[in-house]
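As a plain string of letters, each chain reads:
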Amino acid sequence: MKVNDVEYQCWHELRHAFVCIDLGGDVECVEFLEDHNVDQARARCTTNKHIRQLVACGGFAAELVLYRDGYLGYQDGNSMTQTLFRNATIDRAMYHSLDPRAELTEVQDREFMISAYNSAVPIIRRYMNEITIAVAELKNSKIISGERIRQIIAENKKSIKTTPFPMFGL
Ligand SMILES: [Zn+2]
């Protein structure tokens, strides 16, 4: 996976969706918009005031996990930080309930980042298998419904329960 390629974008958008569902919100779908020269994915989430902020920082948190956990290979820290913040331009404004074009202060950006790290990253790390399945489907079909995402989560829970406990030391 490369920074900002299609798969990377799928991760970002699906993470908004997974965080939203995990917190009890609703997701209509994640889809690629075709009215752009460049493929652009969007997550259509229905949130409420209690979960809106965490859903907003889900995409940023996803990119942070990909970077920190080595999915992107070596990346220069400074330019990666710039990319993370640039890709979350709208999300950061949404987090603070501001106009998408608003300039954010350093304090506001720090709050967004801390919230992503403390609250959204742990949710994301819990769904690494599920997101991998969802990314493949989104890449193929250009759209995945919220219902299908819930199904993937439910199927994975079942398979974890029925897998026999590994016997170490035998
Ligand atoms: Zn986003």
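Structure: above.
Asks: So what's going on with the sheet that holds strand β3 (residues 143–145)? Residues and values would help.
Replies: Across the sheet, 3 strands lie side by side as β2-β1-β3; this open sheet has antiparallel pairing. Each edge of the sheet is formed by a strand with only one pairing partner; in this case those strands are β2 (40–46) and β3. Averaged over neighbouring strand pairs, the angle between their axes works out to 10 degrees when direction is ignored. The strands that helix α7 (residues 128–141) touches are β1 (26–33) and β3; relative to β3, the one it contacts most, it runs at about 130 degrees.

Asks: Just give me the short version of the coordination of the zinc ion, but keep the residues and values in it.
Replies: For the zinc ion, the full set of protein donor atoms is His-12 (NE2), His-16 (NE2), Asp-91 (OD) and Asp-91 (OD), at a range of 2.0 to 2.8 Å. Around the zinc ion, the 4 donor atoms are arranged such that angles at the metal cover 51 to 150 degrees; this shape is classified as irregular. Coordination of the zinc ion draws on donor residues from a single chain, spaced H-x3-H-x74-D in sequence. With a gap of 4 residues between them, His-12 and His-16 both fall in helix α1 (residues 6–22), about one helical turn apart. By the burial criterion, His-12 is buried, and His-16 matches it.

Procedures and definitions
Each chain has its residues counted from 1, running along the sequence as written. Since the coordinates come from a predicted model, pLDDT governs what is reported: local features require at least 70, and pairs of side-chain atoms require 80 or more to be given and counted, while whole-chain, interface and lining totals use all residues. Excluded from the side-chain calculations are hydrogens and water; all other atoms, namely the structure's heavy atoms, are used. Pairing between strands is defined by DSSP: at least two bridges between the two strands are required. A run of DSSP states H or I qualifies as a helix once it reaches four residues; a run of E qualifies as a strand once it reaches two. Both are numbered from the N-terminal end. Note on definitions: angles span 0 to 180 degrees between N-to-C directions of axes, and those axes are lines fitted to C-alpha atoms, for helices only across the stretch in contact. Two residues qualify as a contact provided that any one of their heavy atoms is within 4.5 Å of a heavy atom in the partner residue. Note that water is not among the atoms considered, so a metal site may appear incomplete; the donors listed are N, O and S atoms within 2.8 Å of the metal, with 3.2 Å applied to Na, K and Ca. The rule is simple: four donors are tetrahedral if all their angles sit between 85 and 135 degrees, four are square planar and six octahedral if opposite donors span more than 155 degrees and the others lie between 65 and 115, and anything that fits none of that is irregular. Here's how the labels work: a residue is buried when its accessible area is under 20% of the maximum for its type, exposed when over 50%, partly exposed in between, all with a 1.4 Å probe on protein chains only.

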